[in-house]
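# Inside the fold
Below, each chain spelled out in residue letters.
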Amino acid sequence: MHCHTKALVLRSVDYKESDRILTLLTREQGKLTASARGSRRRGSAIAAGTQLLSWSDMVLYEYRGRWAVKEAAVERQFRGVEQDVERLSLGCYFAEAAEALALEDVPSPELLSLTLNSLHVLDCLPRKPLELVKAAFELKAMCLSGYEPSLDGCAVCGREHPERAGFHLREGAVHCAACRDRMGEGISLPLSAAALAAMRHVVLGDPGRLFSFRLEGEPLGQLGGAAEAYLMTQLERGFGTLDFFKRLRIPVHKQEG
């Protein structure tokens, strides 16, 4: 049995002397695991198309009950991401998060599009703050995976513009400061009006304009903190690629201290 598909390489693990084991995200079949036999040999025809974060046109075939790569031709390599260690580490985090959220053999076209678009922004829009891209990806990925937060108004009193708003990580809902005790146990993070407006843009706005907003300073920090903490709270796990990205973002003088 053969399968012709386009796939994003989410994970690539060296196996034996010259093989790779790949985790792929495809539009038609969702997440797949496939072996890429001989892909690490010099001159291999499938070497480039099976590298991490490559968007490739592939022909897969069944081999001993598993998928294997027969052909792989690169459709898009995100050169701007590959050449910058911070962007590469963030792109790898997007891939790891997508792998955690996608299901085997279940189509995930929207999650795939989000991941590709996020890599495109990292690749082609160098002036877009990395914290903004990261937060938008995290929130939208959660929405597409069944974890859409409730942002229409205070979850307790219904006020459209919550007074001194907070975001409850376990409940995934905003609330007024005065309503905090009625939200139950768990952590709430403060949100300025600008940070809440940005969250609403990401969650409720046009997906085609996902990254078309501006935010900086403390509101951007609040948005980034809430998006990251919400993802990790709901998934109950961390990500090694995220830890590495955050270490890269620590100023040198702080690392030395």
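## Section: the environment of R79
Along the chain, the position of R79 falls in helix 1 (residues 79-82). Look at R79 and you get partly exposed, because its relative accessible area is 45%. Expressed as a C-alpha distance, the spacing of R79 and L215, which sit 136 residues apart in the sequence, is 26 Å.

## A short note on the sheet that holds strand 7 (residues 173-175)
Spatial strand order, 7-6-8: 3 strands in an open sheet with antiparallel pairing. In this open sheet, the two edge strands, each paired with only one partner strand, are strand 7 and strand 8 (188-190). Direction aside, the axes of adjacent strands within the sheet are offset by 30° on average. Two strands pair when backbone bridges link them, and strand 6 (residues 166-168) and strand 8 are joined in this way by 3 bridges, in the antiparallel orientation.

## Focus: the environment of R159
Topologically, R159 is positioned in the loop between helix 4 (130-144) and strand 6. According to the relative accessible area criterion, R159 is partly exposed, its value standing at 42%. With 117 residues separating them along the chain, R159 and R42 place their C-alpha atoms 63 Å apart. Among the polar contacts listed, one links the side chain of R159 to the side chain of E163, at a separation of 3.3 Å.

## With respect to the side chain of S54
Following the sequence through the fold, S54 ends up in the loop between strand 3 (30-36) and strand 4 (55-63). Judged by relative accessible area, which is 0%, S54 ranks as buried. Sequence-distant contacts of S54, defined by excluding residues within four places in its chain, comprise A7, L8, V9, A48, G49, R76 and Q77.

## Description of the nonpolar core
Considering soluble globular proteins, one finds that nonpolar side chains tend to be buried as a cluster. Within the largest apolar cluster, 60 residues are counted, with the highest numbers of intra-cluster contacts made by Y93, L122, F167, L191 and L223. Looking at this core, the elements that each hand over two or more residues are strand 1 (2-15), helix 2 (85-101), helix 3 (109-124), helix 4, helix 5 (193-204), helix 6 (217-235) and helix 7 (240-249). Here the element with the most residues in this core is helix 4; it accounts for 10 residues. What Y93 contacts, discounting residues up to four positions off in sequence, is K134, E138, L231, F239, T241 and L242. The next biggest cluster of nonpolar side chains, apart from the first, holds 14 residues, and it includes A36, I46, M58 and A72.

## What about the pairing of strand 3?
Residues in a regular strand project their side chains so that they alternate between the two faces of the sheet. Of all the 7 residues making up strand 3, 6 are buried; the element is thus mostly covered by neighbouring parts of the structure. Counted between consecutive antiparallel strands, the loop separating strand 2 (residues 19-26) from strand 3 contains 3 residues. Sheet topology places strand 3 next to strand 5 (residues 66-76); 2 bridges connect them, and they run parallel. In the strand pairing of strand 5, A34 is matched with W67.

## Some thoughts on the sheet that holds strand 3
Read around the closed barrel, 5 strands run 1-2-3-5-4, paired in mixed fashion. The average angle at which neighbouring strand axes cross in this sheet is 50°, direction not considered. Contacting strand 1, strand 2 and strand 3, helix 2 crosses the sheet at an angle of about 115° to strand 1. Set on the sheet, helix 3 makes contact with strand 1, strand 2, strand 4 and strand 5; between it and strand 1 the angle comes to about 60°.

## Quick word on the packing of aromatic side chains
Evaluation of the coordinates by the stated rule reveals 4 aromatic pairs. For the ring pair Y93 and F239, a centre distance of 5.6 Å and an interplane angle of 70° mean the geometry is edge-to-face. Pair noted here: Y93 is in helix 2 and F239 is in the loop between helix 6 and helix 7, with a separation of 146 residues, a long-range link. According to the relative accessible area criterion, F239 is buried, its value standing at 1%. Arranged with centres 5.3 Å apart and planes meeting at 70°, the rings of F167 and Y230 form a pair that is edge-to-face. Here the residue F167 occupies a position in strand 6, and Y230 occupies one in helix 6, the gap between them amounting to 63 residues.

Conventions and cut-offs
- Residues numbered from 1 in each chain as written.
- Predicted model: local features only at pLDDT ≥ 70, side-chain atom pairs only at ≥ 80, totals over all residues.
- Heavy atoms only, no water.
- Helix = DSSP H or I, 4+ residues; strand = E, 2+ residues; numbered from the N terminus.
- Buried < 20%, exposed > 50% of the residue type's maximum accessible area, 1.4 Å probe, protein only.
- Pairing = 2+ DSSP bridges.
- Axes fitted to C-alpha atoms, helices over the stretch in contact; angles between N-to-C directions.
- Polar contact = N/O pair within 3.5 Å; in protein donor to acceptor, adjacent residues only side chain to side chain.
- Contact = heavy atoms within 4.5 Å.
- Core = buried A, V, L, I, M, F, W, Y, C linked by side-chain atoms within 4.5 Å.
- Phe/Tyr/Trp six-rings, centres within 6.5 Å; stacked < 30°, edge-to-face > 60°.

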